[in-house]
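Letter by letter, the chains look like this.
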Amino acid sequence: QYQNGKYSLMGQNGGRISAIGTLGDNAVRVEMEAEVLLGGINRSVFATADDELRPVMNGIYFDITTEDITMVASDGHKLVRCKTLAAKGNERAAFILPKKPATLLKNSAEGTSSVTIEFDERNAVFMLDSYRMVCRLIEGRYPNYNSVIPQNNPHKVTVDRQQLIGALRRVSIFSSQASSLIKLRMQENQIVISAQDI
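Counting restarts for each chain: residues are numbered from 1 in the order of the written sequence. The predicted nature of this model means local features are confined to residues of pLDDT at least 70 and side-chain atom pairs, given and counted, to a pLDDT of 80 or more, with totals for whole chains, interfaces and linings taken over all residues. Processing note: side-chain calculations cover all non-hydrogen atoms of the structure and skip hydrogens and water entirely.

1. With respect to the overall build of the protein chain
- Counting its secondary structure elements, the protein chain contains four helices and 10 strands.
- Think of it this way: any DSSP run of H or I at least four residues long counts as a helix, any run of E at least two long counts as a strand, and we number them from the N terminus. Sequence-ordered secondary structure for the protein chain, helices as α and strands as β, is α-β-α-β-β-β-β-α-β-β-β-α-β-β.
- Atoms considered for the radius of gyration are the C-alpha atoms alone. The globule rule reads 2.2 Å times the number of residues to the power 0.38. A compact globule built from 198 residues should have a C-alpha radius of gyration of about 16 Å, whereas the protein chain, at 22 Å, is more than 25% larger.
- Along the longest, intermediate and shortest principal axes, the C-alpha atoms of the protein chain span 70 × 60 × 35 Å.

Okay, here's the thing in structure tokens:
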């Protein structure tokens, strides 16, 4: 209440919040260097989708094996697969981390040495040096990302990175705002880059 009016707000028992972080008996535990986790998130979060019809595409898929951990993101047009041998699990497991908590981790975990992740079918707990983050996971089956990556592709090009980026920036000005399509025509010892906005 204040001098000229009154606010009415809904409240909730704070004890219910702590219950969110309770994991089931079948929870999986994984440890990795914070640098490895942040590197994977940085390389993949930009490729996540904003698709209400396919919510599984709106997060980063963590594919955990006893040999490595692969982080995958795709919006249907681009796909990122970031595999690291610097971390692994004790068993085969997987979860889909939503974009928002992934971004929170990316912005907050700098200066942290290691991260412990515990998760079940619904929730995940990220334990860092100075804080603990609990989040709800995206439930559902992630598509088979390996099936869309061409195997034994004969077409390979080695190109100067800065020259390519510079050319793409100059040409992208003339691409259609709706599609941003740019055409790359490979020829012997040269790439012709073109775009048009009708």
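Next comes the rest of the write-up.
2. Observations regarding the environment of Glu-31
- Among the structural elements, Glu-31 can be located in strand 1 (residues 28-33).
- Each C-alpha atom of the pair Glu-31 and Pro-101 lies 18 Å from the other, and the pair is 70 residues apart in sequence.
- Any two residues whose heavy atoms approach within 4.5 Å are treated as being in contact. Ignoring any residue separated from it by four or fewer positions in sequence, one finds Glu-31 in contact with Ala-87, Lys-88, Val-115 and Thr-116.

3. As for the environment of Ser-194
- You can see Ser-194 is positioned in strand 10 (residues 190-194).
- The spatial distance from the C-alpha of Ser-194 to the C-alpha of Gln-151 is 28 Å, given a sequence separation of 43 residues.
- Discounting chain neighbours no more than four positions away, the residues touching Ser-194 are Val-171, Ile-182 and Lys-183.

4. Describing the packing of helix 2 (residues 34-44) against helix 3 (residues 99-108)
- Axis separation between helix 2 and helix 3 bottoms out at 10 Å; the angle between their running directions is 125°. Regarding the angle of helix 2 to helix 3, the classification is oblique. The interaxial crossing formed by helix 2 with helix 3 has left-handed handedness. Between helix 2 and helix 3, the contacting residues are Leu-37, Leu-38, Ile-41 and Asn-42 on the first element and Ala-102, Leu-105 and Lys-106 on the second.
- Lys, Arg, Asp and Glu make up the charged group, whereas Ala, Val, Leu, Ile, Met, Phe, Trp, Tyr, Cys and Pro make up the nonpolar group; the residues left over, Gly among them, are polar. In the contact of helix 2 with helix 3, the residues fall into five nonpolar, one polar and one charged. Orientation is described by axes fitted as lines to C-alpha atoms, over the contacting stretch for helices, and by angles from 0 to 180 degrees between their N-to-C directions. To sort the angles, those under 35 degrees are grouped as roughly parallel, those over 145 as roughly antiparallel, those from 65 to 115 as roughly perpendicular, and the leftovers as oblique. Left-handed is the label given to a crossing in which the near helix is rotated counterclockwise from the far helix by less than a right angle, and right-handed is the label when the rotation is clockwise.

5. Some remarks on the pattern of salt bridges
- Salt bridge criterion: a side-chain nitrogen from Lys or Arg within 4 Å of a carboxyl oxygen from Asp or Glu. Enumeration over the complete set of coordinates arrives at seven salt bridges.
- Of the charged contacts, one joins Arg-54 and Asp-51 as a salt bridge, the two residues approaching to 3.2 Å between their closest N and O atoms.
- Ionic pairing is found between Arg-122 and Glu-139, a salt bridge with its closest N-O pair at 3.9 Å. Of the two residues, Arg-122 is situated in the loop between strand 6 (114-119) and strand 7 (123-127) and Glu-139 in the loop between strand 8 (132-136) and helix 4 (161-172); the sequence distance between them amounts to 17 residues.
- Arg-122 sits in the exposed class, given a relative accessible area of 53%.
- Salt bridges sharing common partners tie together Arg-29, Glu-31 and Glu-118. Partly exposed describes any residue whose relative accessible area lies between the buried limit of under 20% and the exposed limit of over 50%, with all areas from a 1.4 Å probe on protein chains only and scaled to the type maximum.

6. Digging into the nonpolar core
- Here, nonpolar core refers to any group of buried Ala, Val, Leu, Ile, Met, Phe, Trp, Tyr and Cys residues whose side-chain atoms link them within 4.5 Å. Membership of the largest hydrophobic core comes to 30 residues, with the highest contact counts inside it found for Phe-95, Phe-119 and Phe-126.
- For this core, the leading source of residues is helix 2, giving five residues.
- Apart from the residues within four sequence positions on either side, Phe-119 is in contact with Leu-23, Ala-27, Val-28, Val-30, Ile-64, Ala-93, Ala-94, Phe-95, Ala-124 and Leu-137.
- Listed in part, the nine residues of the second largest apolar core include Val-56, Met-57, Val-72 and Tyr-145.

7. Brief notes about the packing of aromatic side chains
- Note on ring pairs: Phe, Tyr and Trp rings are taken, using the six-membered ring of Trp, and paired if centres are within 6.5 Å. Classes follow the plane angle, with under 30 degrees stacked, over 60 edge-to-face and the rest tilted. Under the criterion given, the structure shown has five aromatic pairs.
- Each ring, one from Tyr-61 and one from Tyr-142, has its centre 4.7 Å from the other, and the planes form 0°; the classification is stacked. Note that Tyr-61 is positioned in strand 2 (residues 59-64) and Tyr-142 in the loop between strand 8 and helix 4, a separation of 81 residues in sequence.
- In this structure Tyr-142 comes out as buried when scored by relative accessible area, which is 9%.
- Ring geometry for Phe-62 and Phe-95: centres 4.6 Å apart, planes at 10°, overall stacked. With Phe-62 in strand 2 and Phe-95 in strand 5 (residues 93-98), this pair connects stretches of sequence that are 33 residues apart.
- Site record: aromatic cluster; members linked through ring pairs are Tyr-61, Tyr-142 and Tyr-145.

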